[in-house]
Amino acid sequence: MDDEFKIRDASVRKVLDSRGNQTVETDIVLPYSTGRCSAPAGASTGETEALAYPAGGVDSSVRLFESRIKKKILGFDALDQKGFDRLLREVDGTDNFSEIGGNLATALSVSLAKAAANSLGIPLYRYVGGFLRSEIPKPIGNVIGGGAHSKNGTTVQEFMVSSVGKTVLESITLNSIVHRKIGIALREMFKDFSIGLGDEKAWTASIDDDVAIDIIKTAAHEVESEHKVKVILGVDFAASNFFDGKKYKYKENHLSRDEQIDYACSLVKSHGFYFIEDPMEEHDFEGFAEITRKVGSEALIVGDDIYTTNAKRLEKGIKMKAGNAVLIKVNQIGTLSDTWDAVNLATSSGWKTAISHRSGETTDEFISHLGVAFGSEFIKTGTIGGERTAKLNELVRIEEELRD
Ligand code: PGA
Ligand code: ZN
């Protein structure tokens, strides 16, 4: 191994995420470069995802890094991403990173790739995805919602839009115009009372989900006719969060499993939604399959909490045709190599991928690079808010580089 890729130093520090909670940020130092990554945090987590922190929280992860991990990784070859990720798994010894914390593993794994890319003098998306990648994923952003991201909102976690502009800048600007129009509509309805912003800076108000659907459709159609673009509509039910074991409990009414399936299909058939995420609770593979059979030819049925970026779970879903797309979040599985395995399996099976932020974010923009590297169809990362626009603006820069 060339010495220029040997890890010379590694460190971890605590920083804040967008909810004001502490998270880990790591530095991997090579002789001629450094890679730095800070890990995000979920609020509506899937049952099978990596545990963000061990029982003692962020401090425990930091202590474990100092006592057990640092000495093992010093001198390691930064180009051996798989070996490094395997080492993290070995040190942890569990299958969900409950010993060292999935967020520490994520930060270290991505820091390593960034350090290697920096040493090679190429951007992360090229290092991970190769030199032939040229497509930018379509940004899809949360504009109105509730669920686990706000106390006062819709039952459905997220209603999203993806404007298909000629450039990334046009697309993300139009997404934010839809967001603004929705804010104006809600203010008119509520005369400035009882509206707010959720964790991902989507509007929240105490309205029924059907009202939210009307509002988002109106705002999206206005932008379509004013700007002559297509605005794709999306939804993340995050259905596990309001399933009580028998019923899907909306504020306004309680739906049986079959009624929930019909409701999800009606969003596609009657309202033109294209991106349908987690329409059923995370154990109901068969429910996902039924929705895919019914509307999968005209919409993406996207699994998030059901697959948790886990190739093993995804394998089962692919066999059962329980969806046709998968959400990708590195810290659901804990390493870049495991994320790559899930993406590879999805792509080679004809499924689409959507790289995604978490509701608690940092300003790290690594998902913008990974979205390009993975050839993702969508990147789900909000519409406004500094920690969201950090990623959107990085896409603008990547597009500029790819064009040049
Ligand atoms: P999170 O979930 O709050 O766990 O990040 C967002 C999502 O469900 O997509
Ligand atoms: Zn989700």
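For the structure, check the block above.
On a predicted model such as this, the values are computed, not experimentally measured, just so you know. (Residues numbered from 1 in each chain as written. Chains lettered and ligands numbered in written order. Predicted model: local features only at pLDDT ≥ 70, side-chain atom pairs only at ≥ 80, totals over all residues. Heavy atoms only, no water.)

(A) Geometry of the nonpolar core. Counting 78 residues, the largest nonpolar core has Ile182 and Phe237 as its most contacted members. Three or more residues apiece are contributed to this core by two domains, here domain 1 (3-121) and domain 2 (129-403). One finds Val24, Phe76, Ala105 and Ala115 within the second-largest nonpolar core, a separate group that totals 30 residues. (Core = buried A, V, L, I, M, F, W, Y, C linked by side-chain atoms within 4.5 Å. Buried < 20%, exposed > 50% of the residue type's maximum accessible area, 1.4 Å probe, protein only. Domains from an automatic or database assignment.)

(B) Region of the structure containing the pattern of salt bridges. The full count for this structure, using the stated rule, is 32 salt bridges. A salt bridge links Lys380 to Glu277; the shortest N-O distance between them is 2.7 Å. Here Lys380 is found in strand E15 (residues 378-380), whereas its partner Glu277 is found in strand E11 (residues 273-277), with 103 residues between them in sequence. By relative accessible area, Lys380 is classed as buried at 3%. (Salt bridge = Lys/Arg side-chain N within 4 Å of Asp/Glu carboxyl O. Helix = DSSP H or I, 4+ residues; strand = E, 2+ residues; numbered from the N terminus.)

(C) Examining the environment of Lys269 more closely. Mapping Lys269 onto the fold places it in helix H7 (residues 257-269). Considered as a pair, Lys269 and Glu158 are 111 residues apart in the sequence and their alpha carbons are 19 Å apart. The contact partners of Lys269, leaving out residues within four places of it in the chain, are Lys294, Val295 and Glu298. (Contact = heavy atoms within 4.5 Å.)

(D) Structural detail: the pairing of strand E12 (residues 300-303). Both faces of E12 are covered, namely the face carrying Leu300 and Val302 and the face carrying Ile301 and Gly303. Taken together, the 3 bridges between E11 and E12 define a ladder with parallel strand orientation. Paired with Phe275 across the two strands is Leu300, which belongs to E12. Crossover E11 to E12 through helix H8 (residues 285-295) is right-handed. With 2 bridges connecting them, E12 and strand E13 (residues 325-328) associate as parallel partners. From the neighbouring strand, Val302 faces E13, where its bridge partner is Ala325. In this region the chain leaves E12, passes through helix H9 (residues 311-320) and returns to the parallel neighbour E13; the handedness of that crossover is right-handed. (Pairing = 2+ DSSP bridges. Right-handed = clockwise from strand over helix to strand, strands pointing away.)

Everything listed here is a matter of geometry and, on its own, says nothing about what the molecule does.
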